[in-house]
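So the chains spell out like this:
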Amino acid sequence: MAKKYYITTPIYYPSGNWHIGHCYTTVICDALARFHTLMGEDVFFLTGTDEHGQKVEKEAAKRGITPREFIDPLVAELKDMWRLLDVRYDRFIRTTDGDHVKGVQRVYQKLYESGDIYKSVYTGYYCTPCESFWTESQLAGGKCPDCGREVTLQKEESYFFRLSKYAPRILKLYEENPSFLQPKSRMNEMVNNFLKAGLTDFSVSRTTVKWGVPLPFDEKHTAYVWIDALLNYLTALGYGTADESLFERYWPADLHLVGKEIVRFHAIILPALMMALGLPLPKQIYGHGWLLIGGEKLSKSKENARPELTDPYELVKRYGADAVRYYLLREIPFGSDGEYTTERFLLRVNADLANDLGNLVSRTTAMIVQNFGGKLPARGPLEGTDGELIAMAEGAFERVKEAMEGLNAPEALDAVFAVVGRANKYIDETTPWILAKDETKRARLGAVLYNLAEVCRMCAVLLKPFLTKAPALILKSFSCGEDMGFNALPFGLLREGTEVVKLPPIFPRLGVKKELAEVEKLVSAQKKQQNAIKKEEKNMAEGAEKKPEISIDDFGKVELKIGEVIACERVVKSEKLLHETVKIGEEVRSVVSGIAKFYTPEEMVGKKVVVVTNLKPVKLCGVLSEGMILCADDGKGGLALVSPEKAVESGATVR
Ligand code: MSP
């Protein structure tokens, strides 16, 4: 039976504003999952979303919508991001899925019955954005030690998990199994910051949060979101349901790959829960580093004024999934933090993919087409550096394997690109363009091109865990199927006479300076848009400000018309915006206005309003706005639409 490999990403908060930092964990997991699949293992790769808790509850309430209505579009965006990046998971779990909810309830019931969960009173400092509780001594200057934001003191009746009981066993686990938590620095951190002092029991339920899994033995309480979230790794496999076959097949996880800020939950709470449930412990937790901007963890709110392009959708659109995957897998030494800049991204993609790999393949295929009419020439006796090149290509698999077993994708890619580099050097050494001029050297030319073709093919196979487009293109140009796997790595598999098609550059060479200038424009346009949203949202309050005198000509520049709202919906990404479809005479326009706190979409439909119709269109939160609806604002929180006092046709001019 094939060896099993169960790998997970953390489940993502449905916060939207996805950035390249979010892609890091999941792209690495995808590469590992693909690698183990190519190794012939029985792989299960899990990812998903962490949907309960106070944050979602609050955000939805602010918008006057249900948590589900708030989350669904964000989950769809996340799935779309994984689709764009060719992330191939086996299950996308949502903590709102019925089987997960049931599984969480079973776990709570079991732990309650065994006495590992008991009732008491909780006092602690809560950081809502991180969904984390802290004791006073853990706070950093009174703020959340993870994100530096404000915390609130909370006191409530709560159920507790007997974490204290498991501290000695966790310490022993670390001692006996140093690979359980990697890299080593994270283990030291856990031991010194948490375990050494002993663990206190852990609050695992809330009465103040309604958007969560109700506890089966006390429905006033919902499960604390972190316990709910951690259990996804079990429930995704059917734990606690009638069919536990996947759980039996894959549990325990071989790897939980997580960002370093959430190691605490994975390396302490998760094993303690497994001990309490009498289940096997995960084999390994790895806490990777962060992508930084300006030395700080990349997160949308902290992006400052830097012109870095961090939007994964835009990056994939401009440079392709392979470029983004490659950057993430190659650039940052595994386990460390790495500064993200658009320039580093472009330089990396240009140098390795466009120049080294792209060039090698396009030169090789072009020369075979040009000199041998697209039929692969015969292999020849070894000469010069042939043996060295072949040995290096054949040895790369072991290097890739060793690196990937140590979770080190940058090192694995380094091994493949060392072969690519060697092959490009081999072209310079063998000078096939000179051989081509001499008829007596035809066999040698053929042998050189055969060697290059084989090396291209082998590199394509080796790149399959990392890149998802280029390997298939390269293999196809040598008439090989996309499904060619690691068993096709010995040199010499291609037959003489195989049809070879010239491959155009798979990665266009980027003019870095030009590209940087364009990207800067794009990013500043995106920022302008965000500012426009903020401005639109602030508009009402500013209405009260005294404005300078204007002439009748100034006023005449503004075109005002009566419009009828024929449809209206909320802009999910903003708590203040509504998106109206307005009929103005024969014309229908899309208008976004900052009135969601004052009117529901249902109230808006059918209203006759005054619209500024000659404003330059803008996009607000991605929605086109082709006008502005006028409102009266008393500056004290009162707001009313301006409407004609008598019935009048839509399209009438206001003057
Ligand atoms: N919901 C929790 C995880 C629960 S798992 C039982 C969570 N979600 S998250 O959306 O905030 O983070 C998801 C992943 O994205 C984490 O691995 C996190 O470390 C990663 N990243 C988010 N920003 C990042 C960078 N700037 N750099 C690298 N990875 C980072 O935490």
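Rules used throughout
Residues numbered from 1 in each chain as written. Predicted model: local features only at pLDDT ≥ 70, side-chain atom pairs only at ≥ 80, totals over all residues. Heavy atoms only, no water. Helix = DSSP H or I, 4+ residues; strand = E, 2+ residues; numbered from the N terminus. Buried < 20%, exposed > 50% of the residue type's maximum accessible area, 1.4 Å probe, protein only. Areas by Shrake-Rupley, 256 points an atom, 1.4 Å probe, with all protein chains shown as cover. Expected span 1.5 Å × (residues − 1). Bend = angle between axes of the 7 residues up to and from the residue. Domains from an automatic or database assignment. Near = heavy atom within 4 Å. Polar contact = N/O pair within 3.5 Å; in protein donor to acceptor, adjacent residues only side chain to side chain. Core = buried A, V, L, I, M, F, W, Y, C linked by side-chain atoms within 4.5 Å. Contact = heavy atoms within 4.5 Å. Salt bridge = Lys/Arg side-chain N within 4 Å of Asp/Glu carboxyl O. Pairing = 2+ DSSP bridges. Right-handed = clockwise from strand over helix to strand, strands pointing away.

**Student:** Just checking my understanding: could you explain the overall build of the protein chain for this structure?
**Tutor:** A count of helices and strands for the protein chain gives 21 helices and 26 strands. For the protein chain, the spread of C-alpha atoms along the principal axes amounts to about 95 × 75 × 45 Å. Looking at the protein chain residue by residue over its 655 residues, the buried ones come to 54%. Per element, the accessible surface of the protein chain, about 28,900 Å² overall, is 52% carbon and sulfur.

**Student:** Help me understand helix α13 (residues 342-372), please; the structure alone is not making it clear to me.
**Tutor:** Residues separated by three or four positions in an α-helix point in the same direction, a consequence of the helix having 3.6 residues per turn. Its 31 residues place the ends of α13 41 Å apart at the C-alpha level, agreeing with the 45 Å of an ideal helix rising 1.5 Å per residue. At Gly358, α13 shows its maximal kink, close to 35°. Two residues or fewer past α13, Gly373 is found with a positive phi of approximately 60°.

**Student:** Honestly, the domain arrangement of the protein chain in this entry has me stumped. Any pointers?
**Tutor:** You'll often see interface size given as the accessible area lost when the parts meet. What the domain assignment reports for the protein chain is domain 1 (341-488) and domain 2 (553-655). Taking only C-alpha atoms, the centre of domain 1 and the centre of domain 2 are 60 Å apart.

**Student:** Quick question: what am I supposed to make of the site of the ligand here?
**Tutor:** In the vicinity of the ligand there are 24 residues, among which Ile11, Thr25, Asp50, Glu261 and Leu291 approach most closely. Interatomic distance of 2.8 Å between a backbone N/O atom of Ile11 and a nitrogen atom of the ligand. A distance of 3.1 Å separates an oxygen atom of the ligand from a polar atom in the backbone of Tyr13. Breaking the shell around the ligand down by element, the ones donating at least two residues are α1 (20-38) and α7 (225-230).

**Student:** Hey, could you run me through helix α17 (residues 442-462) in this one?
**Tutor:** For α17, which comprises 21 residues, the first-to-last C-alpha distance of 30 Å matches the rise-based estimate of 30 Å (1.5 Å per residue) to within 8%. In terms of burial, α17 is largely enclosed, as 19 of its 21 residues are buried.

**Student:** What is the right way to look at the nonpolar core in this model?
**Tutor:** A general tendency of soluble globular proteins is for nonpolar side chains to be buried together. Phe345, Leu357 and Phe466 are the most contacted members of the largest nonpolar core, which has 118 residues in total. Residues contacting Phe466, with those up to four places away along its chain left out, are Ala31, Arg325, Leu329, Val400, Met404, Ala409, Ala412 and Leu413. One finds Tyr122, Ala167, Trp251 and Ala276 within the second-largest nonpolar core, a separate group that totals 69 residues.

**Student:** Help me understand the pattern of salt bridges in this model?
**Tutor:** Side-chain pairing between opposite charges can occur once the charged atoms of the two side chains come close. Considering all chains together, one arrives at 42 salt bridges under this definition. Put simply, Glu515 and Arg318 hold a salt bridge, and the shortest N to O gap is 2.9 Å. Pair noted here: Glu515 is in helix α19 (residues 512-542) and Arg318 is in helix α11 (residues 312-319), with a separation of 197 residues, a long-range link. For Arg318, a relative accessible area of 28% gives the class partly exposed. One network of salt bridges, in which partners are shared, links Arg330, Glu331, Arg344, Arg348, Asp352, Arg399 and Asp414.

**Student:** Hey, could you run me through the pairing of strand β1 (residues 4-8) in this one?
**Tutor:** For a regular strand, side chains alternate in direction, first toward one face of the sheet and then toward the other. Burial analysis of β1 places five of its five residues in the buried class, the great majority of the element. Of the two faces of β1, the one carrying Lys4, Tyr6 and Thr8 and the one carrying Tyr5 and Ile7 are both buried. Judged from the five bridges that link them, β1 and strand β2 (residues 42-49) form a sheet pairing that is parallel. When the bridges of β2 are listed, Lys4 appears paired with Asp42. For the handedness criterion, the β-α-β arrangement of β1, α1 and β2 is classed as right-handed.

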